[in-house]
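Fold and contact review
For reference, the chains in residue letters:
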Amino acid sequence: AQTVTQSQPEMSVQEAETVTLSCTYDTSENNYYLFWYKQPPSRQMILVIRQEAYKQQNATENRFSVNFQKAAKSFSLKISDSQLGDTAMYFCAFMKHGPPIIQGAQKLVFGQGTRLTINP
Amino acid sequence: NAGVTQTPKFRVLKTGQSMTLLCAQDMNHEYMYWYRQDPGMGLRLIHYSVGEGTTAKGEVPDGYNVSRLKKQNFLLGLESAAPSQTSVYFCASSMRDYYEQYFGPGTRLTVT
C-alpha cells in the first residue's frame, strides 16, 4: 500500500518570504500522480498543483512550484513571495496510475498535512 | 454553477442515532467520493462511486453505507452513530479518478 508522509506538522514564515513544504511517499509503482491540496480556515479543499510521474519537468502554477525527485520519492512544494492568503493546511496526495478498474477507481492517498502560517 | 454542495454543514447526534449526509454536484461528474478528516490524519476515503447505481468501499468503510441513485447525488448514511465517527466529512467529485477532485465545504459531525 502507498503511504504519504509530511514530516513538518507546522511551519511559519513572514509575508513575502519563500517557504518549502516537504512530502515523501512510498510506492513500488512507476506511473502515478502527485498533488498538493490547500485547506484554508474555511475548510474548503483546493487543488494547488499536480505532477505526473512520467514528466521530468517540475510543475509550476504562478507562485507555486514543486521539486519532484522520483528516485528519492520526494515531492516538495515551494511557495514564493508568500502572502497572508496562503495561510492554510497543505496536504500532499498520491494516486497510482493504472488501467481502468472494473467498477473501481484509483484512489487518492493523503499525507497528514502541514499547517502553514504566513505572518504579516 | 454551485460545484459540490453538502447538507447539513453541522450536526450533533447522540450515540445510536442515525443520519444521512447528502452530497450534490452539478458538474456532470461520473466519480464521487466520501472522505473523513480527523486531526493529524489527513483525509481518508470511506466509500466511493464510479457511476450511477454503483458504489465501492474505501479505506475506512465500517459503520457507513452509501447510495448513488442519481448521478448528481451521493448519500452517506450512519445507521447507528458512535463517538468514533465524530469527524469532518468531505464529499468530492471528479470526471475520472486521475482528474482533479472537487471538494464540498464539509460537514462537521459530533457524536456524543
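Note that this is a predicted model, so its numbers are computed, not measured.

**Brief notes about the state of the cysteines**
Summed over the entire model, instances satisfying the criterion amount to two disulfides over all chains. Put simply, A:Cys23 and A:Cys92 are joined by a disulfide, and their sulfur atoms are 2.0 Å apart. For the disulfide bridge between A:Cys23 and A:Cys92, the dihedral angle about the S-S bond is near -70°, and by the sign convention the bridge is left-handed. A residue pair is termed long-range when its members are at least 10 positions apart, and A:Cys23 in the loop between β3 (19-21) and β4 (24-26) and A:Cys92 in strand β10 (residues 88-96) qualify at 69 residues. We classify A:Cys23 as buried; its relative accessible area is 1%. The disulfide bridge from B:Cys23 ends at B:Cys91, spanning 1.8 Å between sulfur atoms. Because the torsion about its S-S bond is -75°, the bridge between B:Cys23 and B:Cys91 counts as left-handed. Separated by 68 residues along the polypeptide, B:Cys23 in strand β3 (residues 19-25) and B:Cys91 in strand β9 (residues 87-94) bring together distant segments of the chain. On the basis of relative accessibility, which here comes to 0%, the residue B:Cys23 falls in the buried class.

Reading the values: rules and limits
Residues numbered from 1 in each chain as written. Chains lettered and ligands numbered in written order. Predicted model: local features only at pLDDT ≥ 70, side-chain atom pairs only at ≥ 80, totals over all residues. Heavy atoms only, no water. Disulfide = S-S within 2.5 Å. Helix = DSSP H or I, 4+ residues; strand = E, 2+ residues; numbered from the N terminus. Buried < 20%, exposed > 50% of the residue type's maximum accessible area, 1.4 Å probe, protein only.

Worth remembering: the numbers are spatial, not functional.
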